[in-house]
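The primary structure of each chain is shown beneath.
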Amino acid sequence: MKQIQGGVTAAKGFKAAGVRCGVKTGKCDGNQPLVPSMKDYLTGKKDLAMILSERECNAAAVYTLNRVKAAPLYITMEHLEDGVCRGIIANSGNANACAPLGHENAQRMCEAAASATGLKASDFVVASTGVIGQTLNIAAIEQGVPVLAQQLSEDGSDGAAHAIMTTDTEKKEFAVQFTLSGKTVTLGGIAKGSGMIHPNMGTMLAFLTTDCAITHEMLKTALDDVVPVTFNRVTVDGDTSTNDMCVVLANGMAENEQIEWKNDDYTIFHKALAEVCTQMARAIAADGEGASRLITCTVRNARSEESAERLSKAVVSSALVKAAMFGADANWGRVLCAMGYSKAPFRPEHVDMKFQSIVGEIEVCRQGAGLDFDEERAKAILSQDEVVIDVNLNEGQDEATCWGCDLTYDYVKINGDYRT
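Calculation criteria
- Residues numbered from 1 in each chain as written.
- Predicted model: local features only at pLDDT ≥ 70, side-chain atom pairs only at ≥ 80, totals over all residues.
- Heavy atoms only, no water.
- Buried < 20%, exposed > 50% of the residue type's maximum accessible area, 1.4 Å probe, protein only.
- Helix = DSSP H or I, 4+ residues; strand = E, 2+ residues; numbered from the N terminus.
- Pairing = 2+ DSSP bridges.
- Salt bridge = Lys/Arg side-chain N within 4 Å of Asp/Glu carboxyl O.
- Core = buried A, V, L, I, M, F, W, Y, C linked by side-chain atoms within 4.5 Å.
- Polar contact = N/O pair within 3.5 Å; in protein donor to acceptor, adjacent residues only side chain to side chain.
- Contact = heavy atoms within 4.5 Å.
- Expected span 1.5 Å × (residues − 1).

Colleague: Even after reading the chapter, I still don't get the pairing of strand β5 (residues 48-63), so can you show me in this structure?
Modeller: Every regular strand shows the same layout, with side chains that alternate between the two sheet faces. Counting buried positions along β5 gives 12 out of 16 residues, so the element sits mostly inside the fold. Relative to β5, strand β2 (residues 14-19) is paired through six bridges, and the arrangement is antiparallel. From the neighbouring strand, Lys15 faces β5, where its bridge partner is Leu52. Note that β5 and strand β6 (residues 84-94) share seven bridges and pair antiparallel. Looking at β6, one finds that Leu48 is bridged to Asn91. Both β5 and strand β11 (residues 245-250) contribute to a ladder of six bridges, which runs antiparallel. Bridging across to β11, Ala60 finds its partner in Val248.

Below you can see the structure in the form of structure tokens.
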């Protein structure tokens, strides 16, 4: 398996694009937006994306477990009931959640995409992200979709990745290539997520594409297996969004022998899917709103993977741990404290702990008790872009890794006036 460029259009038969149509700032005259120029569509912050396959795709998706769900999720669920689709239409700037005419406007987005591509509305997945509770500027979107469709290209992943960003500072884009049945197969994706991240399915939005030939059932099985150990192990602020959605499309254009059961080819595909999702999950955590560093917590030698995950996520979710990491303060007691209220079983008196980064590592706790350590060296280790909290429970053989970020002043600044 090797990493390649191309993101969501790396696989054969996929095109994508992103344009600026004015979802959030577009000026309207009554119900009709003022006619923008082509330059307006192609410059500035993009807010409308499309991904399209040459062929019908087998498709699978997972959605937020938040009881409050945005209208696009319900429309997407309906459109994927038969397990197939052709493309994705998505906007940023407005979540179309708890909004007037939410379902109608989500459906109108699909109809606009269908009209511009000669397909059916049911051929499209629809997604939105942004402010909750405000009416979607559907007129601007409907006017922008034909331009968006004209811009579709095999090099369009970058545009689509930027178009789904909200408070993200970096695009999340990744792709890998591998071999199945003697055929070269590609899998890639884009994602967005920076705040309101504590997923119970996947991140805010994640779109994956592959030219692998695989049945809908096996695709769904792989996605359901991978998401819990990748996207579900990310936390930025403890908030699970109303719009979380992770979708994977497979068009079969690699012409490998179709994966219909859990054989060796399925294992390789599963590994590739896990790799792409892991890289995007890490990117989301690193780009948490206002974050200055990625926090990785690995809990090793636990009684079970479930308990290791619960302990690890408690650590990266802790506001006190996150604040300590922001200050590069080796306050390991906050880590042990977070583990203690996680409700996962472990023996504190058996715990060993180290802080690690690219410049080295330092042991701070052994058998549940603090050690004398060099504070200046610890500060240097914790001042790097990625900090690893390594916890050894010395109780079993299982482990889990979760990802988060530090808590900075900028997080409050960003979210203090997010809506206005």
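This is not the end of the story, as more comes after the structure.
Colleague: Looking at this model, I keep getting lost on the pattern of salt bridges. Mind explaining?
Modeller: Close approach of charged atoms lets side chains of opposite charge pair. A full pass over the atoms with the stated rule returns 18 salt bridges. Between Lys192 and Asp168 there is a salt bridge, with its nearest N and O atoms 3.9 Å apart. In this pair, Lys192 is assigned in strand β9 (residues 183-192) and Asp168 in the loop between α5 (157-163) and β8 (172-180), connecting sequence segments 24 residues apart. The residues Lys192 and Asp168 share a single accessibility class, namely buried. In the salt-bridge network here, residues are joined through shared partners; they are Asp168, Lys172, Lys192 and Asp287.

Colleague: Looking at this structure, I do not really get the nonpolar core. What am I missing?
Modeller: A general feature of soluble globular proteins is that nonpolar side chains tend to end up buried together. If you look at the biggest cluster of nonpolar residues, it comprises 39 residues, and the most contacted ones within it are Leu208, Phe231 and Phe269. Of all the secondary structure elements, the ones that give two or more residues to this core are β5, β8, β9, β10 (205-210), α6 (216-226), β11 and α7 (264-286). For this core, the element with the most residues is α7, which contributes 11 residues. Counting residues in each nonpolar core, the second largest holds 35 residues, with Cys297, Ile362, Val364 and Ala400 among its members.

Colleague: Before we go on, may I ask you to explain the pairing of strand β16 (residues 386-392) in this structure?
Modeller: The buried count for β16 comes to six of seven residues, which makes it a mostly enclosed element. Here seven bridges tie strand β12 (residues 294-302) to β16, and the two strands are oriented parallel to one another. When the bridges of β16 are listed, Thr296 appears paired with Val388. Looking at chain direction, strand β13 (residues 352-357) and β16 are connected through five bridges and run antiparallel. Its bridge partner lying in β16, Gln356 is registered against Val388.

Colleague: For this particular structure, what's the right way to read the side chain of Arg293?
Modeller: Within the secondary structure layout, Arg293 lies in the loop between α7 and β12. Of note is the side chain of Arg293, whose polar atom sits 3.4 Å from the backbone oxygen of Phe326. A distance of 3.3 Å separates a polar atom in the side chain of Arg293 from the backbone oxygen of Ser383. Ignoring any residue separated from it by four or fewer positions in sequence, one finds Arg293 in contact with Met325, Phe326, Leu382, Ser383, Gln384, Asp385, Val387, Gly404, Cys405 and Asp406.

Colleague: Just to check I follow, could you spell out the environment of Ala378 for this structure?
Modeller: With respect to the secondary-structure elements, Ala378 resides in helix α11 (residues 375-382). Taking C-alpha positions, Ala378 is 48 Å from Lys183, a pair spaced 195 residues apart along the chain. With residues near it in sequence (within four places) discarded, Ala378 still touches Ala330, Ile362 and Phe373.

Colleague: Would you mind showing me how to read helix α3 (residues 102-117) here?
Modeller: Within an α-helix, residues lying three or four positions from one another point in the same direction, as the helix has 3.6 residues per turn. With 16 residues, α3 should reach 22 Å at 1.5 Å per residue; the first-to-last C-alpha distance of 23 Å fits that figure. Residues of α3 that are buried: Gly102, Asn105, Ala106, Met109, Cys110, Ala112, Ala113 and Ala114. The inward-facing, buried residues of α3 contact β5, α2 (71-79), β6, β7 (124-131) and α4 (138-150).

Any functional reading would require information beyond the geometric quantities listed.
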